[in-house]
Structure formats: C-alpha cells, structure tokens
Amino acid sequence: MERIKVKIINRSHHPLPCYETPSSAGMDVRAFLTTPIVLEPGERVLVPTGLYIQLPQGHECQIRPRSGLALKHGITVLNTPGTVDADYRGEIKVILINLSKEPFVINDGERVCQMVITDYTHVEWESTDRLDETKRGDGGFGHTGLN
C-alpha cells in the first residue's frame, strides 16, 4: 500500500480525518458548524468541514457518502463522488441531500462523509473511425439479462 504526504490545514476543533481500521480506504470527515443544520426531506445543503488540503500532483480527493447515514437516515452526498482536485486550495465542503421522509439534524462534529485519496491518469485522445470488436460489442444496460 502506497503512502503519500498530504499537507492539511484544520480550522475546525475536530480531529483530522483518519482511517478507522488498517484496511479502510476512506477516512470519516466531520461537519464544522457554529449551529446545527436541519436538513428537511428533499433538501440539500453545503456543509463546511474546516479542512483545506494540498494534494500531490496526480492525486485527487474523493468525497463519498457514509453507508450508515445512507441506510439509517437517507442522507447521502449529492454529487457522489465529489472530486477535490490537486490544485484546489479552498475549504472542503460537502453537498448533502436528505432522501428520507424525516428531517435530519446535522450537528457540529457529525461524521458526514468519507474522504478517499487516490491517484489518477490523464488520457491522450486518439481519434479513429473504428474500434476493435469484442464479444459484448455495443450491448449495455441489462443486455445480459437477469441471470
């Protein structure tokens, strides 16, 4: 497993995101709020974290939902996965939406999402008039049936 150094500014009073188990891919991120937010059904909100990061070139930070919030309360990250690019220096904020039928209160320190740091590849497009044949061809969206 590769380890990289990432510079971080934490303007909140919460601990830095960390891995809960040795095999965790994501780190929980907490809301940094002066007052609780009531997220009504169907409503979306931008939640501050107080975190600012400087990623190495070739890496991104993905913001993903927490499965417990999604299952138990219908709270998820609206633009999942949200991407924080290596050249972004602003505060990391999370777009949450309430897909349940009940209001949900977000309190200061609430774990609202997961952060995954990963590397990526840039592509160089090669224009062509023909693609190689495959068994699947252009079959998509359920083309293989239910089994």
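Residues numbered from 1 in each chain as written. Predicted model: local features only at pLDDT ≥ 70, side-chain atom pairs only at ≥ 80, totals over all residues. Heavy atoms only, no water.

Caption draft 1: Quick look at the environment of Val 116. Tracing the backbone shows Val 116 in strand S11 (residues 111-119). The contact partners of Val 116, leaving out residues within four places of it in the chain, are Ala 25, Gly 26, Glu 60, Cys 61, Gln 62 and Arg 64. (Helix = DSSP H or I, 4+ residues; strand = E, 2+ residues; numbered from the N terminus. Contact = heavy atoms within 4.5 Å.)

Caption draft 2: Layout of the layout of surface pockets. Taken as a whole, the largest pocket spans an internal volume of roughly 620 Å³. Ile 4, Val 6, Tyr 19, Met 27 and Ile 117 are the residues nearest the centre of the largest pocket, which is lined by 21 residues in total. Ranked by residues supplied to the lining of the largest pocket, first place goes to S11 with 4 residues. Its residues assigned to classes, the lining of the largest pocket shows 14 nonpolar, 4 polar and 3 charged. Approximately 190 Å³ is the volume found for the second largest pocket. Considering the residues around the second largest pocket, the lining is formed by 13 residues, among which Thr 83, Val 84, Tyr 88, Ile 92 and Lys 93 are closest to the centre. Sorting the residues of the lining of the second largest pocket by element identifies strand S8 (82-84) and strand S9 (93-98) as the ones contributing at least two each. Taken together, the residues of the lining of the second largest pocket sort by class into 7 nonpolar, 3 polar and 3 charged. (1 Å grid on protein atoms, 1.4 Å probe; cavity = no way out; pocket = protein on both sides within 12 Å on 5 of 7 lines; lining within 4 Å. Points joined across faces, edges and corners; volume = space filled by probe spheres on them. Nonpolar A, V, L, I, M, F, W, Y, C, P; charged D, E, K, R; others polar.)

Caption draft 3: Local environment of the pattern of salt bridges. Scanning all chains against the criterion turns up 2 salt bridges. Where Arg 66 meets Asp 28, a salt bridge forms, and the shortest distance between an N and an O atom there is 3.2 Å. Taken as a pair, Arg 66 in the loop between strand S6 (59-64) and helix H1 (67-73) and Asp 28 in strand S2 (residues 27-30) lie far apart in primary sequence, 38 residues in all. The same class applies to Arg 66 and to Asp 28, which are both buried. The residue Asp 28 makes a salt bridge to Arg 111 at a minimum N-O spacing of 2.9 Å. Residue Asp 28 is located in strand S2, and its partner Arg 111 is located in strand S11; the two are separated by 83 residues in the primary sequence. (Salt bridge = Lys/Arg side-chain N within 4 Å of Asp/Glu carboxyl O. Buried < 20%, exposed > 50% of the residue type's maximum accessible area, 1.4 Å probe, protein only.)

Caption draft 4: Representation of the nonpolar core within the structure. In this structure, Ile 63, Leu 96, Ile 106 and Met 115 are the most contacted members of the largest nonpolar core, which totals 26 residues. Per-element accounting of this core gives the leading share, 3 residues, to S11. If sequence neighbours within four positions are ignored, Ile 106 has contacts with Ala 31, Leu 33, Pro 36, Ile 37, Leu 39, Val 45, Val 47, Leu 96 and Val 112. (Core = buried A, V, L, I, M, F, W, Y, C linked by side-chain atoms within 4.5 Å.)

Caption draft 5: Focus on the pairing of S6. Across the 6 residues of S6, 5 count as buried, placing the element largely inside the fold. As defined by bridge partners, S6 adjoins S8 across 3 bridges and the pair is classed as antiparallel. From the neighbouring strand, Ile 63 faces S8, where its bridge partner is Gly 82. (Pairing = 2+ DSSP bridges.)

Caption draft 6: Highlighting unusual backbone geometry. Here the residue pair Thr 80 and Pro 81 is connected by a cis peptide bond, since its omega of -10° sits within 30 degrees of zero. Relative to the elements of secondary structure, Pro 81 occurs in the loop between strand S7 (75-77) and S8.

Caption draft 7: Main features of the state of the cysteines. Taken as a whole, this structure holds 0 disulfides when the rule is applied. For Cys 61, which is in no disulfide, the shortest distance to another cysteine sulfur is to Cys 113 and amounts to 8.0 Å. (Disulfide = S-S within 2.5 Å.)

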